[in-house]
Amino acid sequence: MVRDDEKRMMMMMEQEQEEEAVPAWLSKLMGERFFGECGAHQNLRKNDKNVLCLRCCLSLCPHCLPLHPHHHPLLQVRRYVYHDVVRLGDLEKLIDCSNIQPYTINGAKVIFLNERAQSRSSCRGGTGNSCCSCDRILQDPFHFCSLSCKVDHMVYEGERLSSILHRFDESDFSFSQFEGLRVDSSSELVDEDNTQFAPNGSCSNTDATASNSVISSEANRNKNKTKTKSKSNGFFHSLGSRRKGAPHRAPFC
């Protein structure tokens, strides 16, 4: 009986450890550097690895998809200004995305996979709402700026990740979703603090309407400063380079 109880305890401990561990697909999703060149298709165009197989935990490029088992669940990762994002509609089928601030890009809500570098002005500076993990300023009532910030915070607090993981239907991530897929897309992302990340396309934050005519006010200010500086430099340069003529004395009367 004692041995049976010990075995039962060991099985329970192993089960708890498995529940507490970060799933392989989630760890790969947050840790992988997507949009790198695919080694198997180096000579082909548009060979960025932007698809994750949730079963194999491998990143694939569009040319890999026809060769990969079609019954495996596939998740597409998108890239907006050097930052990896996933559509909220896809990610919330896998994991609870509540309290993570979404962003609207070309009419679709997305979630950042990892925290982003930020300036001092973007950090917590007063009583405003901010990310519980990285202190990025957020809109109410959100507590996290990215998926990894939420996961890291739960692990740090000792919370069970199994409470936010969903048992998903693999048919929702079938190969058919990539048939006729356009590999590249242009968009522009504006952060919650009105910081523009990309020079091509449109985006707005959660409560704003997506528009293709969004222009960064910061970029305009920099452009105006450049023009003003060049004009002023030219003006003073012309004054500095102007040579005075020889002095003339008044004739004696």
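Residues numbered from 1 in each chain as written. Predicted model: local features only at pLDDT ≥ 70, side-chain atom pairs only at ≥ 80, totals over all residues. Heavy atoms only, no water.

So, the packing of helix α2 (residues 24–31) against helix α4 (residues 147–156)
Here is step 1 of the chain: Orientation of α2 relative to α4, taken along the N-to-C sense of each, is 125°, at an axis distance of 10 Å. Classified by the interaxial angle, the pair formed by α2 and α4 is oblique. At the point where α2 passes α4, the crossing takes the left-handed sense. Residues L26, L29 and M30 of α2 touch α4, and the partners they reach there are L147, S148 and V151. (Axes fitted to C-alpha atoms, helices over the stretch in contact; angles between N-to-C directions. Helix = DSSP H or I, 4+ residues; strand = E, 2+ residues; numbered from the N terminus. Parallel < 35°, antiparallel > 145°, perpendicular 65-115°, else oblique. Left-handed = near helix turned anticlockwise from the far one by under 90°. Contact = heavy atoms within 4.5 Å.)

Side note on the sheet that holds strand β2 (residues 58–60)
Here is step 1 of the chain: In space, the 3 strands of this open sheet follow the order β2-β1-β3, with antiparallel pairing throughout. In this open sheet, the two edge strands, each paired with only one partner strand, are β2 and β3 (74–76). Each strand axis lies, on average, 30° off the axis of its neighbour in the sheet, ignoring direction.
Here is step 2 of the chain: When strand β1 (residues 51–53) meets β3, the two strands line up antiparallel, connected through 3 bridges. Looking at β3, one finds that C53 is bridged to L74. (Pairing = 2+ DSSP bridges.)

Some details on the packing of aromatic side chains
Here is step 1 of the chain: The tally for this structure, following the rule as stated, stands at 2 aromatic pairs.
Here is step 2 of the chain: For the pair Y103 and F112, a centre-to-centre distance of 5.2 Å together with 80° between the ring planes defines the contact as edge-to-face.
Here is step 3 of the chain: Judged by its relative accessible area of 0%, Y103 falls in the buried class.
Here is step 4 of the chain: Ring centres 5.7 Å apart and planes at 85° place the aromatic pair F168 and F173 in the edge-to-face group.
Here is step 5 of the chain: F168 gets classed as partly exposed once you look at its relative accessible area, which sits at 25%.
Here is step 6 of the chain: Across from the ring centre of F173, 6.0 Å away, lies the NZ or CZ of K93, which sits over that ring.
Here is step 7 of the chain: The residue whose ring lies beneath R116 is F112, and the NZ or CZ to ring-centre distance is 3.8 Å. (Phe/Tyr/Trp six-rings, centres within 6.5 Å; stacked < 30°, edge-to-face > 60°. Buried < 20%, exposed > 50% of the residue type's maximum accessible area, 1.4 Å probe, protein only. Lys NZ or Arg CZ within 6 Å of the ring centre and 35° of its normal.)

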